[in-house]
Amino acid sequence: MTPWMSSGLIYASGLALTAGSVTLIYITTRTFNFAVASMATIGFYVSYTGVILYGGLPYKYYPFVIIIGSIVGLICYYGLNRHLLRRRAAEITLMMSTLGYDLVLLSMIQMYTDFLTKTYKLFPRRVTMNIYDFELFGEKAAAFILPFIAIVFLMGLHMFLTKTKFGVAMRATIENPVLAGASGINSDRVYLVAWVIGGGMAALGGAFIAMAQTGTPVMGMFIIPLMFAGAILGGLGSLYGGILGGFVIGMTEYAGVFYLAQRFGPWVLGYRMGIPLMLMAITLLIFPRGLAGIPLVKLFGLLAGKKRGVNA
Amino acid sequence: MTTKNGMITKIKDYMLLREVMVILVILALLTFLFTSRGVPIILTIFIDFAIFAIITMSLNLETGYTGIPQFGRVAAVIVGAFAVGSIPGRIMARFMGFPWGIEYASDTVNFKVVPQITALLASNWLLSLGFLVLSLTVAALSGAAIGWLISRPAIRLKEAYLGISLLAFGDFFMWVGHNWKGMVGGSVPVNVPDPFRIFAGNRFTIIVLVIFTIAFLVFVFLNKLTKSPFGRSLRMIRDNDMAAAAAGKNIVTVRTRSLVIGSALAAIGGGLYVLYVGSVASIGFSRLTFTFWPWAFMMLGGIGSNIGVLLGVFLLCILRTMIVIFRSQWFGFLLVVGIDPLWLEFTLMGAVIIGVILFLPYGLVPEKIEPMLPANRVKRVLAGRQ
């Protein structure tokens, strides 16, 4: 593997999970979740706390990461989002409410790091998690394990959405909330499950990202534009689009920075986050509804020489 | 007819009562701070208030009146700050024969050049005034330019897309500021010539007066603007863009104009902040301070109500300062476990946003529904008909 690829893979799978979380919560509850930033940071700190206090590999603590992320999502739903959804609040209001929640969580994370510093004499403000990793085939093991975990998690999610009765009900609510409600689906529970899964996904993604980058209390706050960029690149319409968008954004950042820095010199490194955002801006200019808005059927039809409307 | 009028006056009284109550709370807090800490802290609060009032009113023009979810307020503020930090000082350096290219921003040169410019400014009040006006003009022009530039790809997008694109643009300018050493020194702060040095001992008071005057002018300007036909078309587009389009309003043009005006005003705010502090540190301009704080102010005050925004800014600025001042006194129990009470600032910001959304959805002073014409003119028109 080329040097950028291993950390790029780790980072991109983390971004894929967080962007997927943003998309999942958006398509179920119309809420653009700002709190995904702090959820990701919380995921990282849970794995860090586990490794530093109880030892072992970071992977061991990922179940706890998911559980705590889910609890954070659950609190957000019951404390905040539920009341606003019942009130039929506007999209911007929903967005702002999660921003408020995110700021409260951010202050708690900062206090927690202060607490760790004082009580355990640690340095939790700049953490490189990958020193707790082991080597596999001459690479960091995380480059193989983390994408695998992400794929397993997403396969499980896919099975849940397509094979179980509740998953089908969830998809029905996403497609048409009114009709789903009329056929007896409890939308309240659907929203709750979306927040729980979304919280778990975001926290797991944050724990992944910390394996590729320096973990800080403002880590999530710093990369939240990229999580959103992933979700928007995916079109904010389908869960799989969001996951793909996050992955593309992550890989573009690492690959772009690597090749551009080789070509133009190291000053490019400072603008690393500009590269995926540029990609997002260009995509939005051409396809205002993201990757999902690319008329694939039409394009293939054109290539095959078919006329429009044949397969409609 | 009389009962209806009676009800309207009742509602009006109630609204006025709310404003008066908020003002009373503010005054009480101010007197408390004044008696316990003295004048300097009051002046600091006033400066904070005036600068954030300008920025928040510009945000209110875009979000409250036009309905653009402006999550990238920091972009225009940064551009205004950098313009004031880089351009007027360079012009002065050029005329005085100092290096004014990229090397102006390097800390070794900047350290020597800026005090000499400041000394020259302090010798001549006309020059000082000219420098101040030049700085603000440069800030406003570059802010307007950036607003126009940002609006090009973004303005046609829908709600959430628009908000996130603006957020991304704001962050982009932040990174440019952190990394581009040639403009304002990247992560090393650059000093700014001080046009207020001529007042020597009274510098602080004069700055308060100047910034207050500018904030007041902005307030008057926005009040006039939002009551003009342009302001009415803004509100029409916010409430129902289809109807506005059907009535012949060009939505893209009107929204672009609103974005340009708002960005220019926010850039003036950023420029004044830089002139007050005396240096530009690009690290200091974060999304948290210059996008999310103004959002919290605006939501507390009442989206779409200028007077409410002013009250919201004042109240929160005081509370924020109080956390900073009394942190060891009131939150000493946190210090015992090593927690810095400064983080409570974020808790306050988040709690205000959540509390306002849940319990006060229209803010402290809700937007008043204004008739298209003033009431006495409506009466006159009706009387003329009969």
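This one's a predicted model, so the numbers in the text were calculated from it and none came from an experiment. (Residues numbered from 1 in each chain as written. Chains lettered and ligands numbered in written order. Predicted model: local features only at pLDDT ≥ 70, side-chain atom pairs only at ≥ 80, totals over all residues. Heavy atoms only, no water.)

A. The arrangement of the packing of aromatic side chains in detail. What the rule picks out here adds up to 33 aromatic pairs over all chains. With 6.1 Å between their ring centres and 85 degrees between their planes, Tyr45(A) and Tyr48(A) make a pair best called edge-to-face. Here Tyr48(A) and Tyr45(A) lie together in helix 2 (residues 36-54), a separation of three residues that amounts to about one turn. In this structure an aromatic cluster arises from ring pairing among Tyr26(A), Phe32(A), Phe34(A), Phe228(A), Phe71(B), Phe292(B) and Trp295(B). Sitting over the face of the ring of Phe264(A), Arg263(A) holds its NZ or CZ atom 5.5 Å from the ring centroid. (Phe/Tyr/Trp six-rings, centres within 6.5 Å; stacked < 30°, edge-to-face > 60°. Helix = DSSP H or I, 4+ residues; strand = E, 2+ residues; numbered from the N terminus. Lys NZ or Arg CZ within 6 Å of the ring centre and 35° of its normal.)

B. Main features of the pattern of salt bridges. All names here are of chain B. Taken as a whole and assessed by the stated rule, the structure comprises seven salt bridges over all chains. Here Arg73 ties to Glu62 by a salt bridge, and the two come within 3.1 Å at their closest N and O atoms. Residue Arg73 is found in helix 3 (residues 73-96), and its partner Glu62 is found in helix 2 (residues 39-65); the two are separated by eleven residues along the sequence. Of the charged contacts in the structure, one is a salt bridge between Arg287 and Asp171, with a shortest N-O distance of 2.8 Å. Of this pair, Arg287 sits in helix 12 (residues 287-301) while Asp171 sits in helix 6 (residues 159-179); the two residues are 116 residues apart in sequence, bridging distant segments of the chain. Just as Arg287 is buried, Asp171 falls in that class too. (Salt bridge = Lys/Arg side-chain N within 4 Å of Asp/Glu carboxyl O. Buried < 20%, exposed > 50% of the residue type's maximum accessible area, 1.4 Å probe, protein only.)

C. Main features of helix 9 (residues 219-233) of chain A. Residue and element names in this part refer to chain A. Under the 1.5 Å per step criterion, the end-to-end length of helix 9 is 21 Å for 15 residues, consistent within 8% with the ideal 21 Å. At Pro225, helix 9 shows its maximal kink, close to 35 degrees. With 14 of its 15 residues buried, helix 9 lies for the most part within the structure. One or two steps after helix 9, the chain reaches Gly235, where phi turns positive at roughly 95 degrees. (Expected span 1.5 Å × (residues − 1). Bend = angle between axes of the 7 residues up to and from the residue.)

D. Layout of unusual backbone geometry. Residues and elements named next belong to chain A. Residues other than glycine seldom take positive phi values, yet Arg30 does so here, at roughly 60 degrees. With respect to the helices and strands, Arg30 occurs in the loop between helix 1 (3-29) and helix 2. The phi angle at Lys121 is positive, at roughly 55 degrees, despite the residue not being glycine.

E. Up close: helix 8 (residues 203-227) of chain B. Residues and elements named next belong to chain B. Relative to the 36 Å expected for 25 residues at 1.5 Å per residue, helix 8 spans 36 Å between its end C-alpha atoms, a close match to the ideal helical length. Among all positions in helix 8, only Arg203, Ile207, Val208, Ile211, Ile214, Ala215, Val218, Phe219, Leu222, Leu225 and Thr226 are buried. Tucked inside the fold, the buried residues of helix 8 contact helix 2, helix 5 (125-154), helix 9 (229-239), helix 11 (251-277) and helix 13 (306-325). (Contact = heavy atoms within 4.5 Å.)

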